[in-house]
Amino acid sequence: MKREASEERYTKETEIKLHLNLDGSGLADICSGVGFFDHMLDGFARHGLFDLSLRVHGDLQVDDHHTIEDTGIVLGTAIRRAAGDKRGIKRYGSCILPMDEVLVLCAVDLCGRPYLSWDAQFGSEKMGDMSTEMVKEFFYAVSYSAAMNLHIKVLTPGNSHHMAEAMFKSFAKALDAALQYDERITDVLSTKGSLA
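Residues numbered from 1 in each chain as written. Predicted model: local features only at pLDDT ≥ 70, side-chain atom pairs only at ≥ 80, totals over all residues. Heavy atoms only, no water.

**Q** Can you help me understand the pairing of strand S3 (residues 28–31) in this one?
**A** Across a regular strand the side chains alternate sides, sitting on one face of the sheet and then on the other. Direction of pairing for S3 relative to strand S4 (residues 51–58): parallel, over a ladder of four bridges. Looking at S4, one finds that Ile30 is bridged to Leu54. (Pairing = 2+ DSSP bridges. Helix = DSSP H or I, 4+ residues; strand = E, 2+ residues; numbered from the N terminus.)

The following block contains the structure:
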């Protein structure tokens, strides 16, 4: 069974079309109107080996907030739907990822309960055309719409670009690990019998 989902979201602030294949090869076709955000999502797709197609038309004349937050909502929804009933998957994944001077920890639990734990401070207000404060908002939106526990902690801070990139890549690696099948798991990995 293919684990993929197509999602669309239309509001007065954004128009978003997204397709996600969890069992892809890292192909990315992304245009959000925010160049640095596109770069981060390309890294997410490539390092998680997800195929991601995304088109966003947002109110960038205001700022980048709605574009990035709403993309997080749509991506999280696609992750949740593509993962299905989660039978046979490992459920948990984590990654400690270095990027030059920066070291970032990301841990994921596809438990069906949304929560974001965040421990990071950026040293600049912007990275290219993206506000640094929107990195947290993006991951918050993903975690809640995907109904996952998501922990992101910067163990060694440094350059803002390196920090953000390490976050997106470590999230990709942790999510990919959580989605992997284990032949020993014949149902869902939960004493409740459900990860919904």
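**Q** Would you take a moment to explain the sheet that holds strand S1 (residues 4–10) for this structure?
**A** Reading across the sheet, the four strands line up as S1-S2-S4-S3 and stay open at both edges, with mixed pairing between neighbours. In the strand order of this sheet, the two ends are held by S1 and S3, each with one partner. The average angle at which neighbouring strand axes cross in this sheet is 5°, direction not considered. Bridge analysis of strand S2 (residues 14–21) against S4 gives eight bridges, and the strand direction is antiparallel. Each residue of the ladder has a partner; that of Leu18, found in S4, is Leu54. (Axes fitted to C-alpha atoms, helices over the stretch in contact; angles between N-to-C directions.)

**Q** Is there a simple way to think about the packing of aromatic side chains in this case?
**A** One pair of aromatic rings is described through two measures. These are the centre distance and the angle between the planes. Within this structure, the stated rule accounts for nine aromatic pairs. Aromatic side chains Phe139 and Phe171 sit 5.5 Å apart centroid to centroid with 80° between the ring planes, which places their arrangement in the edge-to-face category. With a gap of 32 residues between them, Phe139 in helix H3 (residues 133–146) and Phe171 in helix H4 (residues 160–179) connect regions that are remote in the sequence. In this structure, Phe139 and Phe171 share a single accessibility class: buried. A ring pair is formed by Tyr140 and Tyr144, whose centres lie 4.5 Å apart and whose planes are at 25°; its orientation type is stacked. Here the residue Tyr140 and the residue Tyr144 both occupy positions in helix H3, the gap between them amounting to four residues, near one helical turn. Taking the relative accessible area as the measure of exposure, Tyr140 reaches 40% and is therefore partly exposed. Taken together through their ring pairs, the aromatic side chains of Phe37, Phe44, Phe50, Trp118, Phe138, Phe139, Phe168 and Phe171 make up a single cluster. (Phe/Tyr/Trp six-rings, centres within 6.5 Å; stacked < 30°, edge-to-face > 60°. Buried < 20%, exposed > 50% of the residue type's maximum accessible area, 1.4 Å probe, protein only.)

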